[in-house]
Amino acid sequence: MTDTTSQASGALSGNVLFYTQPEPISFEAHGKLGVTPADKPYAFVAETNIVPLTVTEFAPAALSYPIIFVGDQKQPVVAMGLRQGENLFVDNGEFRSDAYIPAYVRRYPFVFANDDTQNRMILCIDRAAPFLGEAGEVPLFENDQPSAYVNNAMEFCNNFEQERLRTESFVKLLTDLDLFETREANFTPRNADGSAGPVQKLAEYYAVSEDKLKALPVEKLAELRDNGALGQIYAHLVSLLGWERLIAMAFARAAAVPTAANA
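Residues numbered from 1 in each chain as written. Predicted model: local features only at pLDDT ≥ 70, side-chain atom pairs only at ≥ 80, totals over all residues. Heavy atoms only, no water.

1. Remarks on the overall build of the protein
1) Next: Each helix and strand in the protein was counted, giving eight helices and 17 strands.
2) Next: Once the C-alpha set of the protein is aligned to its principal axes, its extents read approximately 70 × 60 × 30 Å.
3) Next: Taking as baseline every contact in the protein between residues at least 6 positions apart, the subset at least 24 positions apart corresponds to 72%.
4) Next: Carbon together with sulfur atoms contributes 50% to the accessible area of the protein, which is approximately 14200 Å² in total.
5) Next: Charge centroids of the protein, computed over 21 positive and 34 negative side chains, lie 5 Å from each other. (Helix = DSSP H or I, 4+ residues; strand = E, 2+ residues; numbered from the N terminus. Contact = heavy atoms within 4.5 Å. Areas by Shrake-Rupley, 256 points an atom, 1.4 Å probe, with all protein chains shown as cover. Lys, Arg positive; Asp, Glu negative; His and termini not counted. Charge placed at Lys NZ, Arg CZ, Asp CG, Glu CD.)

Spelled out as C-alpha cells, the structure:
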C-alpha cells in the first residue's frame, strides 16, 4: 500500500542514498514548495561511485558501465568511478551525454519509505534538494491536492518498487543456482621504462561465473532463456568489459586537472 501523506506515528525506514533530509510529503509541510529546474541537476551524484540498478536496466546500462553485485545481498549496481567520492560520468552537475542514467537517480528527489507501524509505503521528498523551495516553478500541490508533478513521481516510484522486487527475485534465482563468484578488477601500471608495475586492485565484487553458467543442465538454461534472465546475465557479463573504459576515463580526468590548473 502506498500513500502521499504522512499519517503514521511510527518510524520510517528505507534505503536513502542521496537523500539527506527525506520527509513524508504532505500539504501541511510542503504546500508552498515547488521545484525549479537546476543548472546542475545531477550534482548530487557527483561524489558517488556506485549506484543501484534494477534488472530491467541491465541492457541499456551495460553500454555505459560495469554492472556488478555487491554486499551480502548481492545488490546489483553500476560502477561510475574507481574510488569512493569519484564519479567519472558526472561533470559540472551533468551526466555525460552518452551515459545511461539509472532510474534510482532519475526518481530523485522522491523516494518511498517503509511505514513499519501501518505496513505501507509512503512517498517522501528530500527537503534538502537544492532545486526545491518556496515559489518553485513547478508546485508540489495545487488546490490543496498533489500536483501532476507529484502524481507522476508517485507512478514512477511505484514502477520502481515493482522493478526493485523483480530485481530481488532475479538475484535470488542466481543465488539459488549458485552462479555467483567473487571477482576482482585489477590494473597493471607501466613503469617509466615500459615494464609492468605492481598490480593494483581496483574493486572486489560478485559476478556471474561463466563456468558455472555453462555447467547448468540444458533444461535449466532453457528456463533462464525463456524467463528473460539469460539475456540479463549476458548483459551483465558483457558490461564487465567496461572496467577498461573506466580506467581510461580516470587517466583522462587526472591528466586534465593540471592543464585546468595552469590555464
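2. Observations regarding the packing of aromatic side chains
1) Next: Summed over all chains, the structure comprises 17 aromatic pairs.
2) Next: Seen from their ring centres, Phe 27 and Phe 141 are 5.7 Å apart, and the 75° between their planes marks the pair as edge-to-face. Remark: Phe 141 occurs in strand E14 (residues 141–142) and Phe 27 occurs in helix H1 (residues 27–30); sequence separation between them is 114 residues.
3) Next: Their ring planes at 45° and their centres at 6.3 Å tell us that Tyr 42 and Phe 44 sit as a pair that is tilted.
4) Next: One aromatic cluster in this structure is built from Phe 18, Tyr 19, Tyr 42, Phe 44, Phe 95, Tyr 104, Tyr 108, Phe 131 and Phe 160. (Phe/Tyr/Trp six-rings, centres within 6.5 Å; stacked < 30°, edge-to-face > 60°.)

3. Some thoughts on the sheet that holds strand E13 (residues 138–139)
1) Next: The three strands lie next to each other as E12-E4-E13, forming an open sheet whose pairing is antiparallel. The strands lining the two open edges of the sheet, one partner per strand, are strand E12 (132–134) and E13.
2) Next: Bridge count between strand E4 (residues 33–35) and E12: three bridges; the pairing is antiparallel. Looking at the pairing, Gly 34 lines up with Gly 133 of E12. (Pairing = 2+ DSSP bridges.)

4. Examining the packing of helix H6 (residues 218–226) against helix H7 (residues 229–239)
The packing of two helices is summarised by the inter-axis angle and the distance between the axes.
1) Next: Running from amino to carboxyl end, H6 crosses H7 at an angle of 85°, the nearest separation of the two axes being 4 Å. Relative to H7, the element H6 is oriented roughly perpendicular. Of the residues in H7, those in contact with Leu 221, Leu 224 and Arg 225 of H6 are Ala 229, Leu 230 and Ile 233.
2) Next: Across the contact of H6 with H7, the residue classes break down as five nonpolar, no polar and one charged. (Axes fitted to C-alpha atoms, helices over the stretch in contact; angles between N-to-C directions. Parallel < 35°, antiparallel > 145°, perpendicular 65-115°, else oblique. Nonpolar A, V, L, I, M, F, W, Y, C, P; charged D, E, K, R; others polar.)

5. Things to note about helix H4 (residues 148–176)
1) Next: Look at H4: 42 Å from first C-alpha to last across 29 residues, which is about the 42 Å you get at 1.5 Å a residue.
2) Next: All of the buried residues along H4 are Val 150, Ala 153, Met 154, Cys 157, Phe 160, Glu 161, Thr 167, Phe 170, Val 171 and Leu 174.
3) Next: Two residues or fewer past H4, Asp 178 is found with a positive phi of approximately 55°. (Expected span 1.5 Å × (residues − 1). Buried < 20%, exposed > 50% of the residue type's maximum accessible area, 1.4 Å probe, protein only.)

6. Section: the pattern of salt bridges
1) Next: Enumeration over the complete set of coordinates arrives at 14 salt bridges.
2) Next: Residues Arg 245 and Asp 98 are paired through a salt bridge, measuring 3.0 Å at the closest nitrogen-oxygen approach. Taken together, the residues span a long stretch of sequence, with Arg 245 in helix H8 (residues 242–262) and Asp 98 in the loop between strand E9 (94–95) and helix H3 (103–106) at a distance of 147 residues.
3) Next: Under the relative-accessibility criterion, Arg 245 is labelled partly exposed at 25%.
4) Next: A salt bridge links Lys 172 to Asp 176; its shortest N-O distance comes to 2.8 Å. Of this pair, Lys 172 and Asp 176 both sit in helix H4, four residues apart, which is roughly one turn of the helix. The burial state of Lys 172 is the same as that of Asp 176; both residues are exposed.
5) Next: Each of Arg 96, Asp 98 and Arg 245 takes part in one network of salt bridges that share partners. (Salt bridge = Lys/Arg side-chain N within 4 Å of Asp/Glu carboxyl O.)

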